[in-house]
Amino acid sequence: MKDIDWTHLTFSYTPTDYIVRSHYANGSWSKPYATADPTVPLHAAATALQYAQQAFEGLKAYRTMDGKVSIFRPEMNAQRMQQSAEAMYMAPVPKEMFIEACELAVRMNIDYLPPYETGATLYIRPILFGTTPKVGVSPAHEFEFCVVVTPIGPYFPAGFGTTPFIINRHVDRAAPLGTGQWKVGGNYASSFRATEPAHEQGMGVLFLDSEEHKYLDECGGANIFLVKQNTYVTPASQSILPSIINDSLMTLCGDLGIQVERRKIAVEELGEFDEAASCGTGAAISPISRIIDPDSGIIYEYGERAGKVCEQLYKAIRDIQYARVPDIHNWRHYVDL
Ligand SMILES: *Cc1c(COP(=O)(O)O)cnc(C)c1O
């Protein structure tokens, strides 16, 4: 194992020893291979660079309590990347190949997988993009699929903390019939102008539906859920990314006897909830202290500490990820070392 101060790692990129690559040409994918060179030579006119023909995924490998290595629900990420590929006119990566490439990247960089006790994990970032040089507007017919891994620190080094969020009605993350439901880089490039100014002030951004700016959509790179008494409520919208953690939490609500509602949530309703949180692979759950609406001046308060349902769900999902409880939903994908 590498001599790394695991608990002080952040979400920034720490170099690892290998990346995994595969190239698509003449209608088929090459066998994924590991290489020590983390750079990918790319023609300056590649469609990825000209027209943002790109998609990515994000998942994590955990060192479990029993000393094994498990990836959380990778078949869901494989499936989602196929949907993104189809939407971006790219060759889909076969599911088995996606999972194999993730496993190979973990195995080749196993010395970077943080120990169980540290709360740190190995983040896995699969990337798919068009490499054919084009200046005319049309999709590539050659693609590169890469898997990069990097150790990241515990999301809450000082305990399960809260973050303030701010509503932004002046930047839309995704158009109503745009690409919001797919995990593509272009959605991020186009929302930096909302997320960066907020981050500088220590806040996250809450995007609204871009048609009316009346209903909640999601946070920059995470879904949102709210809790009213014993009910978990998360937005129904065509332009939000279907989060695998959100999906998992809704299943866990079923196990825990918490009601689930997936429906439109109007901004004015925010005052009726007891708890709010963003959810995604990064933190699993990141509780929200308050949501600021700068246009109305209203501040919706949820408290400086995580609420009861957030605590309950956070424990439940982490217990499964770290193999502290039986895997009743078959979410752990063990990697043979
Ligand atoms: C990746 C992502 C999420 C979270 O999805 P998970 O599968 O739970 O990690 C939410 N919103 C956006 C825009 C994303 O890109």
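Below: a short report on this structure. (Residues numbered from 1 in each chain as written. Predicted model: local features only at pLDDT ≥ 70, side-chain atom pairs only at ≥ 80, totals over all residues. Heavy atoms only, no water.)

1. A closer look at the overall build of the protein chain
Threshold: Runs of H or I in DSSP of at least four residues are treated as helices and runs of E of at least two as strands, each being numbered from the N terminus. Accessibility here uses a 1.4 Å probe with only protein chains present; expressed as a share of the type maximum, an area under 20% marks a residue as buried, one over 50% as exposed, and anything in between as partly exposed. We call two residues in contact whenever any of their non-hydrogen atoms come within 4.5 Å of each other. Calculation of accessible area relied on Shrake-Rupley with a 1.4 Å probe; when residues are assessed, cover is drawn exclusively from the protein chains displayed. For this count, His and the chain ends are skipped, Lys and Arg are scored as positive, and Asp and Glu as negative. Just so you know, the charge point we use is NZ for Lys, CZ for Arg, CG for Asp and CD for Glu.
Counting its secondary structure elements, the protein chain contains seven helices and 18 strands. Dimensions of the protein chain along its principal axes, counting C-alpha atoms only, are 55 × 50 × 35 Å. Evaluated residue by residue, the protein chain yields a buried proportion of 54% over its 337 residues. Considering only contacts within the protein chain whose residues lie at least 6 apart along the sequence, 72% involve residues at least 24 apart. Approximately 15,000 Å² of the protein chain is accessible, and the part contributed by carbon and sulfur atoms is 53%. Once the 28 positive and 39 negative side-chain charges of the protein chain are each reduced to a mean point, those two points are 2 Å apart.

2. Description of the pattern of salt bridges
Where we set the bar: Salt bridges, as used here, are contacts in which a Lys or Arg side-chain nitrogen is within 4 Å of a carboxyl oxygen on Asp or Glu.
Summed over all chains, the structure comprises 16 salt bridges. The salt bridge involving Asp17 is made with Lys2; its shortest N-O contact spans 3.7 Å. One end of the pair, Asp17, is in the segment before strand S1 (19-25); the other, Lys2, is in the segment before S1, and 15 residues separate them in sequence. Judged by its relative accessible area of 29%, Asp17 is partly exposed. Its salt-bridge partner being Arg263, residue Glu269 comes within 3.1 Å of it at the nearest N-O pair. Arg263 gets classed as partly exposed once you look at its relative accessible area, which sits at 23%. The network of salt bridges with shared partners includes Arg169, Asp293 and Asp295.

3. Overview of the site of the ligand
The condition that has to hold: A molecule or strand has a residue near it when one of that residue's heavy atoms lies within 4 Å. By the criterion applied in these results, polar contacts are pairs of N or O atoms within 3.5 Å in which, for protein atoms, one can donate a hydrogen and the other can accept it, and in which residues neighboring in sequence qualify only through two side-chain atoms. When residue character is reported, Ala, Val, Leu, Ile, Met, Phe, Trp, Tyr, Cys and Pro are called nonpolar, Asp, Glu, Lys and Arg charged, and the others, Gly included, polar.
Neighbouring residues of the ligand: 15 residues in total, closest Lys183, Tyr188, Glu218, Ser243 and Thr281. Ala222 places a main-chain nitrogen or oxygen 3.4 Å from a nitrogen atom of the ligand. Coverage of the ligand by the protein amounts to 97% of the 380 Å² it exposes when considered alone. Tallied by class, the residues present in the shell around the ligand amount to five nonpolar, six polar and four charged.

4. Regarding helix H3 (residues 95-108)
For clarity, the cut-off: Expected span of a helix: the number of residues minus one, times 1.5 Å.
The terminal C-alpha atoms of H3 lie 20 Å apart, and with 14 residues this matches the ideal 20 Å at 1.5 Å per residue to within 8%. For H3, the complete set of buried residues consists of Met97, Phe98, Ile99, Ala101, Cys102, Glu103, Leu104, Ala105 and Val106.

5. Some points on the environment of Ala198
Along the chain, the position of Ala198 falls in helix H5 (residues 192-200). Of the residues examined, Ala198 reaches a relative accessible area of 5% and is grouped as buried. C-alpha of Ala198 to C-alpha of Ile167: the two residues are 31 residues apart in sequence and 9.8 Å apart in space.

6. A few points about unusual backbone geometry
A positive phi is found at Tyr89, a non-glycine position, where the angle reads about 60°. Relative to the helices and strands, Tyr89 resides in the loop between helix H2 (74-87) and H3. Despite not being glycine, His213 has its phi angle at roughly 55°, a positive value. Considering the arrangement of structural elements, one finds His213 in the loop between strand S10 (204-208) and strand S11 (216-219).

7. Quick notes on the pairing of S1
The condition that has to hold: In this analysis, strands are considered paired if DSSP registers two or more bridges between them.
Taking burial as the measure, the seven residues of S1 include five buried ones, the bulk of the element. Two elements, S1 and strand S8 (residues 143-152), share five bridges in a ladder whose sense is antiparallel. Residue Tyr24 lies in a different strand from S8, and its bridge partner there is Phe143. Note: S1 against strand S2 (residues 28-29), two bridges, orientation antiparallel. Bridge pairing links Ala25 to Ser28 in S2.

8. So, the packing of H2 against H3
Selection rule: Throughout, an axis means a line fitted to C-alpha atoms (over the contacting stretch in the case of helices), and angles, computed between N-to-C directions, take values from 0 to 180 degrees. Here the word oblique covers every angle except those under 35 degrees (roughly parallel), over 145 (roughly antiparallel) and from 65 to 115 (roughly perpendicular). Rotating anticlockwise by less than a right angle from the far helix to the near helix defines a left-handed crossing, while the corresponding clockwise rotation defines a right-handed one.
Running from amino to carboxyl end, H2 crosses H3 at an angle of 125°, the nearest separation of the two axes being 9 Å. Here H2 lies oblique to H3, going by the angle between them. The chirality of how H2 crosses H3 is right-handed. Facing H2, whose interface residues are Pro74, Glu75, Asn77, Ala78, Gln79, Met81 and Gln82, H3 presents Lys95, Phe98 and Ile99.

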